[in-house]
Amino acid sequence: MPPEPAADAQQHDSSVIGSYLIGRHAHARGDYAVASRHLWRALERDPYNPALLRRTVSMLVADGRIEDAAVLAERLVDLDDSARLAHFLLALQDARNGDYERGLQRFEGLPREGIYSLLLPIAEGWLHVGAGSGVAALAALAPLAERDSYRPFFLHHAGLMHDVAGRAADAEALLRESVAVGNGSHRSVAALGSVLMRAGRSVEARAIYEEFRAQNPDDVRIERTLAAVDAGKTPPPLVSGARDGLAETLLGASAALPQRDGGEASLIYARLALFLRDDLDSARFLIGEILEDAERLEAAVEAYRSIPAGSDFAWAARLRAAAALSDIERVDEAVAALEAMVEEQPGRVDAASALGDVFRRDEQYAEAAAAYDIAVERVETVEYRYWRLFYVRGIAFERLGEWPKAEADFRRALELEPDQPLVLNYLGYSWVEQLHNLDEAKTMIEKAVELRPDDGYIVDSLGWVEYRLGDFEEAVYQLERAVELVAGDPIINDHLGDAYWQVGRVNEARFQWRRVLTLEPEDDLAAQVRRKIAGGLSAGAEADDAH
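Fair warning: this is a prediction, and the values are worked out from it, not measured in the lab. (Residues numbered from 1 in each chain as written. Predicted model: local features only at pLDDT ≥ 70, side-chain atom pairs only at ≥ 80, totals over all residues. Heavy atoms only, no water.)

**Brief notes about the overall build of the protein chain**
Right, on to step 1. On a plain count of helices and strands, the protein chain comes out with 31 helices and zero strands.
Right, on to step 2. Taking all 547 residues of the protein chain together, the buried fraction comes to 52%.
Right, on to step 3. At a minimum sequence separation of 6, the contacts of the protein chain that also span at least 24 residues come to 52%.
Right, on to step 4. Carbon and sulfur atoms make up 48% of the accessible area of the protein chain, which totals about 25200 Å².
Right, on to step 5. Considering the protein chain, the positive charge centre built from 59 side chains and the negative charge centre built from 94 side chains are found 3 Å apart. (Helix = DSSP H or I, 4+ residues; strand = E, 2+ residues; numbered from the N terminus. Buried < 20%, exposed > 50% of the residue type's maximum accessible area, 1.4 Å probe, protein only. Contact = heavy atoms within 4.5 Å. Areas by Shrake-Rupley, 256 points an atom, 1.4 Å probe, with all protein chains shown as cover. Lys, Arg positive; Asp, Glu negative; His and termini not counted. Charge placed at Lys NZ, Arg CZ, Asp CG, Glu CD.)

Listed below in structure tokens is the structure:
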């Protein structure tokens with residue numbers, strides 16, 4: 001028998017609510033594919049719910065399903081004329097189809113608040129370019145020139161619009177100012193360099209590129225550009241028309257937005273940029289970064305791997321993909337990828353260093369040290385930026401028990417970056433554990449705490465050096481601070497237990513030691529803690545053995 005109408009309505013409501021709640025839960029986890037799928041199911045039973053439509057459109061765009069989102073956006077704007085993302089998406093679809101006038105009509109009456117106070121004037125300008133009105137395009141941009149925070153966007157896009165219109169001198173002037181106020185943004189550098197190269201001014205273009213490389217020595221993109229210059233190749237314009245300009249607008253907005261709330265807004269604009277221009281590898285790379293920051297590592301790897309091998313972004317994407325693979329415990333894949341890169345580019349340091357990082361995080365310290373050795377051998381001129389390479393190699397040597405090599409690397413790292421708190425702490429703490437150079441260790445660790453006062457691990461080091469020096473009251477004070485900053489670390493809690501014991505707070509000491517056993521300590525630490533719970537410390541001797 002068919003269900004009674006009331007039962008059918010109840011089942012309908014349950015289905016809608018269930019799909020909606022699953023979609024919301026997936027959204028909270030940043031799983032936009034699952035979120036959009038279940039919200040779509042909810043819409044099948046409640047197709048004219050404006051709030052549900054708005055959320056589903058956002059999730060579909062975040063998942064890259066722009067065509068599906070556009071179908072729902074048409075329905076949404078009929079129900080809610082204030083739905084800005086829906087109007088914006090449909091205007092972009094109009095531009096993609098070459099109907100720039102229709103796109104301009106979509107913007108009429110939309111409130112220009114938040115990110116839309118930046119996006120709408122620039123997008124409107126490019127729609128005017130597509131409609132054939134350069135004067136109207138620059139007029140749309142003009143209000144941005146009056147706000148300091150928006151002026152770099154005005155300069156960049158006004159310069160690109162002049163370039164598209166063939167006004168090279170105006171384009172050059174604006175892009176030069178854009179490079180200056182934008183602190184050498186790669187996009188503005190690329191645009192200016194292209195203008196100069198197409199004008200036959202390769203020497204000036206090379207100077208611009210060289211200055212960018214000096215500020216960004218590991219950027220592969222500029223190396224490829226310089227190689228093209230040397231080969232006599234002229235880079236194409238950064239933007240060749242209105243559609244490209246709209247993609248550039250969205251890319252800039254995505255990169256400028258803070259990565260809060262999982263970077264959802266940034267992801268949406270990067271997806272829309274790629275919707276307009278599917279060869280925009282910078283958008284693919286940015287999508288990978290946003291997903292990686294949101295800890296959606298499988299999706300990040302997929303985004304990085306979507307970048308073609310010949311792209312300027314390919315090398316950096318392969319490095320990021322390998323790091324993400326390591327983080328999701330696909331270590332063998334990460335190692336294989338990085339070993340291939342080490343062989344492929346024998347002059348580069350970054351792949352060998354990244355390989356060392358993967359081995360080190362997997363506690364394969366001998367392999368890590370060997371990879372770092374390769375990286376160090378490839379360094380032509382040892383300078384400030386290589387402090388980290390010596391630091392991480394020092395960690396690998398220290399874990400291997402090769403202390404003289406480790407100490408030499410830590411000291412070298414400090415020569416390159418004297419006030420680096422991580423190195424100061426690691427070297428100082430290592431000396432404390434060895435009961436060696438305690439006064440110098442304390443000075444180093446105090447400096448590290450001054451530089452990073454909210455780092456619980458560094459504060460723990462200060463507490464432990466005070467313990468080793470016999471100032472147990474000060475040790476308790478510092479170690480209590482450390483436990484407040486990092487509540488769940490077994491070693492810090494163990495240190496605090498030892499300090500409590502030394503000042504006669506026996507019950508609190510045993511409480512801390514029992515807490516250590518709940519924090520998944522290493523086997524040797526767990527065994528030592530059990531002995532201390534049973535028998536306490538004997539004049540501090542067991543503490544020395546325990547640590």
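**Considerations on helix α7 (residues 116–131)**
Right, on to step 1. Its 16 residues give α7 an end-to-end C-alpha distance of 21 Å, which sits within 8% of 22 Å, the value for a rise of 1.5 Å per residue.
Right, on to step 2. Burial runs high along α7: 13 of the 16 residues are buried. (Expected span 1.5 Å × (residues − 1).)

**Considerations on the nonpolar core**
Right, on to step 1. By size, the foremost hydrophobic cluster in this structure holds 104 residues, and its most contacted members are F88, L89, L250 and L272.
Right, on to step 2. One finds A334, F359, W387 and V432 within the second-largest nonpolar core, a separate group that totals 80 residues. (Core = buried A, V, L, I, M, F, W, Y, C linked by side-chain atoms within 4.5 Å.)

**What to know about the side chain of D489**
Right, on to step 1. Looking at where D489 falls in the secondary structure, it is placed in the loop between α27 (472–485) and α28 (490–502).
Right, on to step 2. Buried within the structure, D489 lacks any salt-bridge partner; its nearest side chain of opposite charge belongs to R515, at an N-O separation of 10 Å.
Right, on to step 3. A distance of 3.0 Å separates the side chain of D489 from the backbone nitrogen of I491, its partner in a polar contact. (Salt bridge = Lys/Arg side-chain N within 4 Å of Asp/Glu carboxyl O. Polar contact = N/O pair within 3.5 Å; in protein donor to acceptor, adjacent residues only side chain to side chain.)

**Digging into the pattern of salt bridges**
Right, on to step 1. Enumeration over the complete set of coordinates arrives at 47 salt bridges.
Right, on to step 2. A salt bridge links R206 to E210; its shortest N-O distance comes to 2.7 Å. Of this pair, R206 and E210 are both found in helix α12 (residues 202–215), four residues apart, which corresponds to roughly one turn of the helix.
Right, on to step 3. A relative accessible area of 24% places R206 in the partly exposed class.
Right, on to step 4. Across the pair R399 and E398 runs a salt bridge whose closest N-O atoms are separated by 3.2 Å.
Right, on to step 5. Several salt bridges converge on common partners, so that one network encompasses E172, R176, R201 and E204.

**So, helix α22 (residues 387–399)**
Right, on to step 1. Look at α22: 19 Å from first C-alpha to last across 13 residues, which is about the 18 Å you get at 1.5 Å a residue.
Right, on to step 2. Counting buried positions over the 13 residues of α22 gives ten, a clear majority of the element.
Right, on to step 3. Of the positions making up α22, those classed as buried are W387, L389, F390, Y391, V392, R393, G394, I395, A396 and F397.
Right, on to step 4. Residues of α22 that are buried sit in contact with α20 (350–361), α21 (365–378), α23 (403–416) and α24 (421–433).
Right, on to step 5. Of the residues one or two after α22, G401 is the one with positive phi, at around 80°.

**Observations concerning the packing of α22 against α24**
Right, on to step 1. In the contact formed by α22 and α24, the axes pass within 11 Å of each other and the chain directions differ by 25°. Considering the angle they form, α22 stands roughly parallel to α24. Crossing handedness for the pair α22 and α24: left-handed. Contact residues: W387, Y391, I395, E398 and R399 in α22; L422, V423, Y426 and S430 in α24.
Right, on to step 2. The residue inventory of the contact of α22 with α24, partitioned by class, reads six nonpolar, one polar and two charged. (Axes fitted to C-alpha atoms, helices over the stretch in contact; angles between N-to-C directions. Parallel < 35°, antiparallel > 145°, perpendicular 65-115°, else oblique. Left-handed = near helix turned anticlockwise from the far one by under 90°. Nonpolar A, V, L, I, M, F, W, Y, C, P; charged D, E, K, R; others polar.)

**Section: the environment of L160**
Right, on to step 1. Summarising the element assignment, L160 is placed in helix α9 (residues 151–164).
Right, on to step 2. Judged by relative accessible area, which is 1%, L160 ranks as buried.
Right, on to step 3. Measuring from C-alpha to C-alpha, the distance between L160 and L238 comes to 7.8 Å, with 78 residues separating the pair along the chain.
Right, on to step 4. If we skip the residues at most four places from it in the chain, L160 touches W126, L175, A191, L238, V239 and E248.

**Re the environment of V392**
Right, on to step 1. Along the chain, V392 falls in helix α22.
Right, on to step 2. Relative accessible area serves as the criterion here: at 2%, V392 is assigned to the buried category.
Right, on to step 3. On a C-alpha basis, the gap between V392 and A369 in space is 8.7 Å, while along the polypeptide they are 23 residues apart.
Right, on to step 4. Residues within four places of V392 in sequence aside, it is in contact with D357, R360 and Y372.

**So, the packing of aromatic side chains**
Right, on to step 1. The tally for this structure, following the rule as stated, stands at twelve aromatic pairs.
Right, on to step 2. Taken together, a centroid distance of 5.9 Å and an interplanar angle of 80° make the contact between F88 and Y116 edge-to-face. With a gap of 28 residues between them, F88 in helix α5 (residues 84–96) and Y116 in helix α7 connect regions that are remote in the sequence. Per residue, the accessibility class of F88 equals that of Y116, and both read buried.
Right, on to step 3. Centroid distance F410 to Y426: 5.1 Å. Interplanar angle 40°. Geometry classified as tilted. In this pair, F410 is assigned in helix α23 and Y426 in helix α24, connecting sequence segments 16 residues apart. Comparing F410 with Y426, the two get one shared label, buried.
Right, on to step 4. Through a chain of ring-to-ring contacts, the aromatic side chains of W387, Y391, W403, F410 and Y426 assemble into a single cluster.
Right, on to step 5. The lysine or arginine in question, R65, covers the ring of W40, its NZ or CZ lying 5.7 Å from the ring centre.
Right, on to step 6. For the cation-ring pair, R147 lies above Y150, with the distance from its terminal atom to the ring centre recorded as 4.1 Å. (Phe/Tyr/Trp six-rings, centres within 6.5 Å; stacked < 30°, edge-to-face > 60°. Lys NZ or Arg CZ within 6 Å of the ring centre and 35° of its normal.)

**Things to note about the packing of α23 against α24**
In a pair of packed helices, the angle between the axes and the distance between the axes together describe the arrangement.
Right, on to step 1. Running from N to C, α23 and α24 cross one another at 145°; their axes reach a closest spacing of 10 Å. You can see that α23 and α24 cross each other, and the crossing is left-handed. Counted together, W403, E407, F410, R411, A413 and L414 of α23 and V423, L424, Y426, L427, S430 and W431 of α24 form the full contact between these two elements.
Right, on to step 2. Looking at the contact of α23 with α24 residue by residue, the class counts come to nine nonpolar, one polar and two charged.

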